[in-house]
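Understanding the architecture of this molecule
Below are the chains, spelled out letter by letter.
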Amino acid sequence: MKTLVAFYSSSGTTRKVGLAIAAALNADVEDIQEVNPRRIDIRSRMSPGQLWKVMRGGGEAGLGRVAGIVPSQYNPADYDLVVVGTPIWNSGLTPPARAYLVRHMGQFKSVAFFCTSSAPTPRQRWRDQMEKVCGRAPRASASFQMDQVDAGTVDVQVKEFVARLT
Ligand SMILES: Cc1cc2nc3c(=O)[nH]c(=O)nc-3n(C[C@H](O)[C@H](O)[C@H](O)COP(=O)(O)O)c2cc1C
């Protein structure tokens, strides 16, 4: 099975999980990049500039905005499965991940989704949003918590997710 793992990551958490999933699946990696990259890390002390970025990012996510992203390296239509990952912003999908799904709508044969967040995401709103935007129900989905990713304790969760994909 030819697999692509595509993710957006602002402060590295989603990238870390995405790379672990890609390694386990021997997949190609699409690191979704904004045309005007913003680095927002909620772990660092919030300067007024950072706080503004968080509010703006959360506002854009809440409004369902799409961000400008650079052209993709890989064509999702060439893959049997595309695993798409996003951080949670304002309880939902980030504008760059949304932009990726919108750009490639109709090119996905099969999809799976994952997210990372600072708090648990019991409502799964993000997953419903991703399904709606790309028009495909995911084969599987999983959410990872930032503190556990930072602590390096998500290996089992990654393995379980990957097992549901193969
Ligand atoms: C603008 C913004 C909004 C966020 N909103 C939420 C939220 O609603 N719920 C939550 O649990 N975490 C929220 N977070 C935290 C991120 O989801 C979390 O830090 C994520 O793991 C970051 O992924 P990254 O390091 O790949 O960018 C928010 C972070 C940012 C920057």
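Structure: see above.
**Quick word on the overall build of the protein**
A count of helices and strands for the protein gives six helices and five strands. Oriented by its inertia axes, the alpha-carbon framework of the protein measures out at about 45 × 35 × 30 Å. Considering the protein as a whole, with its 166 residues, one finds that 39% of them fall into the buried category. Counting only contacts in the protein whose residues sit at least 6 apart along the sequence, the fraction spanning at least 24 positions is 79%.

**Remarks on the site of the ligand**
Taken together, 22 residues sit near the ligand, with Ser9, Thr13, Thr14, Gly57 and Pro87 positioned nearest. Of all the secondary-structure elements, those providing two or more residues to the shell around the ligand are helix H1 (13-25), helix H2 (48-62) and strand S4 (111-117). Residues that form the shell around the ligand fall into these classes: eight nonpolar, 13 polar and one charged.

**Observations regarding the sheet that holds strand S2 (residues 28-32)**
Taken in spatial order, the five strands of this open sheet run S2-S1-S3-S4-S5, and their pairing is parallel. If you trace the sheet from one side to the other, it starts and ends with S2 and strand S5 (141-145), each paired once. Each neighbouring strand pair of the sheet contributes to a mean axis angle of 15°, computed without reference to strand direction. Note that strand S1 (residues 3-8) and strand S3 (residues 81-87) share five bridges and pair parallel. Bridge pairing in S3 places Leu4 opposite Val82. Set on the sheet, helix H4 (residues 125-134) makes contact with S3, S4 and S5; between it and S4 the angle comes to about 140°.

**Describing the environment of Val83**
Following the sequence through the fold, Val83 ends up in strand S3. For Val83, a count of 29 C-beta atoms within 10 Å translates into the label buried. Note: C-alpha distance between Val83 and Ala140 (57 residues apart in sequence) is 9.2 Å. Leave out the neighbours within four places in its chain, and Val83 touches Thr3, Val5, Ile21, Ala112 and Phe114.

**Re the pairing of S3**
Of all seven residues that make up S3, seven are buried, and the element is covered over most of its length. Here S3 shows a buried face lined by Leu81, Val83, Gly85 and Pro87 and a second buried face lined by Val82, Val84 and Thr86. Bridging between S3 and S4 involves six bridges; their strand directions are parallel. If you follow Val84 over to S4, its bridge partner there is Phe113. In the classification by handedness, the crossover that spans S3, the intervening helix H3 (residues 95-103) and the parallel S4 is right-handed.

**Re the packing of H1 against helix H6 (residues 155-165)**
Direction vectors running N to C along H1 and H6 enclose 50°, while the axes themselves pass 10 Å from each other. Considering their axes alone, H1 and H6 lie oblique with respect to each other. The way H1 lies across H6 gives a crossing that is right-handed. Residues Val17, Ala20, Ile21, Ala24 and Leu25 of H1 touch H6, and the partners they reach there are Val158, Lys159, Phe161, Val162 and Leu165.

The rules we used
- Residues numbered from 1 in each chain as written.
- Predicted model: local features only at pLDDT ≥ 70, side-chain atom pairs only at ≥ 80, totals over all residues.
- Helix = DSSP H or I, 4+ residues; strand = E, 2+ residues; numbered from the N terminus.
- Buried ≥ 20, exposed ≤ 12 C-beta atoms within 10 Å, placed from the backbone.
- Contact = placed C-beta atoms within 7 Å.
- Near = placed C-beta within 6 Å.
- Nonpolar A, V, L, I, M, F, W, Y, C, P; charged D, E, K, R; others polar.
- Pairing = 2+ DSSP bridges.
- Axes fitted to C-alpha atoms, helices over the stretch in contact; angles between N-to-C directions.
- Right-handed = clockwise from strand over helix to strand, strands pointing away.
- Parallel < 35°, antiparallel > 145°, perpendicular 65-115°, else oblique.
- Left-handed = near helix turned anticlockwise from the far one by under 90°.

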